[in-house]
Structures are given as C-alpha cells and as structure tokens.
Amino acid sequence: MTKRSASPPTSPTKTGLGQDQLRRNNLSALLTRVHLHGSISRASLTRGLGLNRSTIGGLAATLEDLGLVTERQPSAVRQSGRPSLVLEPRRDNVAVAVDIGVDRIVTALVALGGDVLHQRQRPHAPGEHDVTHVIESAAQMVEDLLVAEPAARCLGIGVSVPGAVRDSDGFVRFAPNLGWVDQPFTELFSERVGTRVFTGNDANLGVLAEHLRGAAVGHADVAYVNGSVGIGGGFLVGGVPLHGSRGYAGEVGHLLVDGSSTLQCRCGNVGCWETKVGENQLLVRAGRLPGGGPEGVAEVIAAAAAGEKRAADALDDVGQWIGAGLRAVINVFNPEVIVLGGSMAALWQARQDVVDKTLDRWTLMSPRSDVIIRASAFGLASPWRGAAEMVFAPVLADPASVLELSTPAQAGVG
C-alpha cells in the first residue's frame, strides 16, 4: 500500500504529459467524479473537467468497455436539443471492507460509487484476538459476503486495524488492544483469501472516509479522532494524509495527558489519553463492568440523562479529559475541522458543554472559533468505509488496471 493524497484528482493539465499519461489522467478524473458523485451527465463532466464533448464521449466509452460505468438516457428529457447521456458507476464492481475491532469484526460489500450492498458483524469472544483466529473468522465472513453477489467483480479487500500499520506492506507493527506485535497480517490474510489485501490504521481510514463522503467534505486540514477501547487519530494536512516515515503517525491515544497517573496503558506507558476517555474507563467509573462497548456507553449516557449521579459524574470527568486531549490536537495539528468517531462522538455530544469549558480554560494557538468540532457522518462505520476507498483508489488512479484483476472465483476465495 502506497502513500497517496486523499483528495480526488482534479482536471489534469496537458503540460509535459505524453498522450498515454494524459489519457490515463483524464480517465482517472472522470471515473473519480462518477465514483464520488454518482449519476452525472456528460454535460456536467464537460464543464467540471474542462474537456470537450468528444473527449468526454471517448473516455466514457472506454470506461464502459472496462465494465466500470454504464450510460443511459436522462430520466427527464429536455424539450429541445439532444439530451446529455448520464454516466453511472457499475455496482457489480465491489470492494470488501473489513474492520477488525477489539470486540467485533465487521465486514461489508461496497459497490463502486459507495453504495453498501451487504454488511455482516461477528462478535469476538474472550481469547479470540490471536492473528490466526482473526484471519480465519474474517475470511469466513468475506466468503459469506461474496457468495451473496456471485457475479460481482471483486477489486480487493480493505482491512481496518486499530494499530500501527506499515505503509509499504500492511505489516502490523503494534496493535496493543488486540495484543499484536510485529504481525505480517496482510500477507497472511491475502494468502488465506486468495486475492489482494490492503491494510490500514482504523483512524487513517476513518479520516479518508469522512473527507471523501462524510463530515469533512470540502476541508483540507482535518483531524479525525476515533474513540472506542483505544483512541486513534487520523489527519489530513493540506488534503494529504499524514502517515509519518513508516505509517505510524497519529497515535494520539498515547499522548501523555496526566503526569500524575499510575494507571498503565496497554502500550506500557502511564498517563495516556486513552486511559482517561476509553469506553472501559467510562464504564468502570460509572459502576459498570468493562467490555460493554458502544452499547454500554449508550446505557451510561441514558442513565445520566435520567438523573443517575454516578453516571453523570463519570461523563463529566470523561468530558474534561476529552477537552484536554483535543487541546493538544488543536495546538499540534491546527485543523479546520475535528471529526469525532466511535464512542468519542457520543461522549462529546452528551457533554459538549464540559468539553468546551475545558478548551476555553487554556490558551489555544488557533482561536477556538476557527476550529469546527463535529460528529462523524458514519459513526462506527467510518473505518470500514475508508477501507473500501483504499481498495478503489488504485482503480480510480488507473482505470485500465481493472483488467489485471481476477474475479473472486478465479482468485480462489474460499
């Protein structure tokens, strides 16, 4: 998996490009428009891409021959003049998205264009986090999805992992909440399913999904903070994903926020942000058993709203620590917008006043009014939606590469 801009391609320039590369760029720009915006007329593409009608017609024909789009007459035909044909993504081109969570595995079949065709979820039982077990469980779920769409052309499998994932090959360096250290997950999973696999950090994929289709559309400097058992961060700087030298950047859950704490984080340190705002910390403070997941968090929020003091106090405490961590995110990354995902969004919505008071208590390098904080558009689904986009990215960049892909049956999935 290579580093790439999260932003869709713009209309390509002709300067210094050979004809083959220029055509490849034009095909990429057109397919990306259709993928992100759905049904779109040739006339709109002509205006949006700055290309003439004959060029758009030729590109559309090529993409149709590649099996990536279809063309149809518009549903409402104009009274005069020739109607502009409408391009649509072909939904039989699919990506399989997998989200490896601490308490569950989620799989989804996502069509070119972004429609979710099928979704499955399977809980983890205690002791089922070892890589071999997770791979087998996820592979069975992938097989189940593909059986539901036997005629689909699978473009690949994208996997979201809550840990540090190496950009070059999807090697999982460290996933503390799964207990993984130095695991060649991508290689092993690809061997099991018989097709290409892309693996990314869950928060990096979450910010990709929110930037392309969700709460951060139109923003180039974005911080996405995903909260569950652990806390992850994904960042766009000038529209470009921040990965670091190997792909390990953004682990904001392990920022030191409490120097007096003696509570050890799963990473081995003490005082980490996720030891203050993770789901289990809230549940324990509210007098519940850990491991309740998002459902347990929702129950505590409901109990606090109904007047339970212990639940309300736990939420107040977590709200203050959310504010403390977001202060560091704002000062370090200077984002236009902060998108909160997972249980972090629900906690912020329940105690937004507490978070704001905490932020206002300290000086911020960027004025508080310059930073938008909002909940994810996709909730818990952002990481796996980003995983699907990771699969589509190579085909969007070079549509002709789809010819090199095998169908699931040819690839031997299962």
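The shown structure was predicted, so the numbers you read here are calculated from the model rather than taken from an experiment.

A. Examining the overall build of the protein more closely. Broken down by element type, the protein carries 14 helices and 16 strands. For the protein, the proportion of contacts with a sequence separation of at least 24, taken over those separated by at least 6, is 65%. Just so you have it, the protein exposes about 17,600 Å², and 51% of that area is on carbon and sulfur atoms. Separation between the mean location of the 37 positive side-chain charges and that of the 41 negative ones in the protein comes to 6 Å.

B. Quick look at the sheet that holds strand β2 (residues 69-72). Reading across from one edge, β1-β3-β2 is the order of the three strands in this open sheet, with antiparallel pairing throughout. On the outer flanks of this sheet lie β1 (40-41) and β2, each paired with one strand and no other. For β2 and strand β3 (residues 86-89), the ladder comprises four bridges, and the chain directions are antiparallel. Bridge pairing in β3 places Val69 opposite Pro89. Strands in contact with helix α1 (residues 19-37) are β1, β2 and β3; relative to β3, the strand with the most contacts, it is inclined by about 75°.

C. Molecular detail of the packing of aromatic side chains. In the structure shown here, the tally under the stated rule is three aromatic pairs. Taking the centre distance of 5.5 Å and the plane angle of 25° together, the rings of Trp180 and Phe185 count as stacked. By the burial criterion, Trp180 is buried, and Phe185 matches it. Here Phe185 and Phe189 contribute two aromatic rings whose centre-to-centre distance is 5.5 Å and whose plane-to-plane angle is 25°, an arrangement assigned as stacked. With Phe185 and Phe189 both in helix α5 (residues 185-193) and four residues apart, this pair spans about one turn of that helix.

D. Region of the structure containing the nonpolar core. Core analysis: the biggest nonpolar cluster contains 39 residues, and Leu30, Leu31, Leu63, Leu68 and Phe392 have the highest contact counts within it. Contributions of two or more residues to this core are made by α1, α2 (42-49), α3 (53-65), β4 (93-100), β5 (104-111), α6 (202-213) and α13 (382-397). Looking at this core, the element that brings in the most residues is α13, giving eight residues. Setting aside its immediate chain neighbours within four residues, Leu63 contacts Leu27, Leu30, Leu31, Leu68, Val69 and Pro399. Core analysis: the next-biggest nonpolar cluster, separate from the first, contains 37 residues, Ala286, Ala303, Ile330 and Leu340 among them.

E. Main features of the side chain of Ser137. When you line up the elements, Ser137 lands in helix α4 (residues 131-148). Using a relative accessible area of 9% as the deciding quantity, one classes Ser137 as buried. Contact partners of Ser137, with chain neighbours within four places excluded, come to Ile105 and Arg122.

F. The pairing of strand β11 (residues 197-201), seen in detail. With five of five residues buried, β11 is to be regarded as a mostly interior element. Summarising the sheet, strand β7 (residues 153-161) and β11 pair through five bridges and their orientation is parallel. Across the sheet, Val159 pairs through a bridge with Thr199, a residue of β11.

G. Layout of the environment of Leu212. The topology assignment puts Leu212 in helix α6. Judged by relative accessible area, Leu212 falls into the buried class, the value being 17%. In the structure, Leu212 is positioned 176 residues away from Leu36 in sequence and 7.4 Å away in space, judged by C-alpha atoms.

H. Representation of the confidence of the model for the protein within the structure. Averaged over all residues, the pLDDT of the protein equals 89, while 91% of them reach at least 70. Low pLDDT (under 50) marks residues 1-5, which in the prediction has 17 contacts with non-local residues, meaning those over four places away or in another chain. Counted against residues more than four places away or in other chains, residues 408-414, with its pLDDT under 50, gives 16 contacts.

I. Highlighting the sheet that holds strand β15 (residues 337-342). Pairing is mixed across the open sheet formed by five strands, whose spatial order is β14-β13-β12-β15-β16. Two strands bound the open sheet, and with one partner strand each, they are β14 (240-241) and β16 (372-375). Strand contacts of α6: β12 (222-227), β13 (231-237) and β15, with the helix running at about 50° to β13, the strand carrying the most contacts. Contacting β12, β13, β15 and β16, helix α11 (residues 343-350) crosses the sheet at an angle of about 110° to β15.

J. Representation of the environment of Gly253 in the model. Residue position: Gly253 is located in the loop between β14 and α7 (274-277). Considering only alpha carbons, one finds Gly253 and Gly230, 23 residues apart in sequence, at a separation of 6.6 Å. Once residues within four sequence positions are removed from consideration, Gly253 is found in contact with Ile231, Cys272, Trp273 and Glu274.

K. Summary view of unusual backbone geometry. The phi torsion at Asp182 lies on the positive side, around 50°, for a residue other than glycine. Inspection of the secondary structure assignment puts Asp182 in strand β10 (residues 180-183). Take Asp182: its relative accessible area is 39%, and that puts it in the partly exposed class. Phi angles above zero are rare outside glycine, and Asn334 is one such case at about 50°. Following the sequence through the fold, Asn334 ends up in the loop between α10 (309-333) and β15.

L. Inspection of the packing of helix α9 (residues 293-305) against α10 at higher detail. Two elements in contact, α9 and α10, have axes whose closest approach is 7 Å; the angle formed by their N-to-C orientations is 115°. One finds that α9 runs roughly perpendicular with respect to α10. By crossing handedness, the relation of α9 to α10 is classed as left-handed. Listed contacts from α10 to Val300, Ile301, Ala303 and Ala304 of α9 are Ala311, Ala312 and Leu315. Tallied by class, residues from the contact of α9 with α10 come to seven nonpolar, no polar and no charged.

Here is what the cut-offs are and how they apply
Residues numbered from 1 in each chain as written. Predicted model: local features only at pLDDT ≥ 70, side-chain atom pairs only at ≥ 80, totals over all residues. Heavy atoms only, no water. Helix = DSSP H or I, 4+ residues; strand = E, 2+ residues; numbered from the N terminus. Contact = heavy atoms within 4.5 Å. Areas by Shrake-Rupley, 256 points an atom, 1.4 Å probe, with all protein chains shown as cover. Lys, Arg positive; Asp, Glu negative; His and termini not counted. Charge placed at Lys NZ, Arg CZ, Asp CG, Glu CD. Pairing = 2+ DSSP bridges. Axes fitted to C-alpha atoms, helices over the stretch in contact; angles between N-to-C directions. Phe/Tyr/Trp six-rings, centres within 6.5 Å; stacked < 30°, edge-to-face > 60°. Buried < 20%, exposed > 50% of the residue type's maximum accessible area, 1.4 Å probe, protein only. Core = buried A, V, L, I, M, F, W, Y, C linked by side-chain atoms within 4.5 Å. pLDDT = per-residue confidence, 0-100. Parallel < 35°, antiparallel > 145°, perpendicular 65-115°, else oblique. Left-handed = near helix turned anticlockwise from the far one by under 90°. Nonpolar A, V, L, I, M, F, W, Y, C, P; charged D, E, K, R; others polar.

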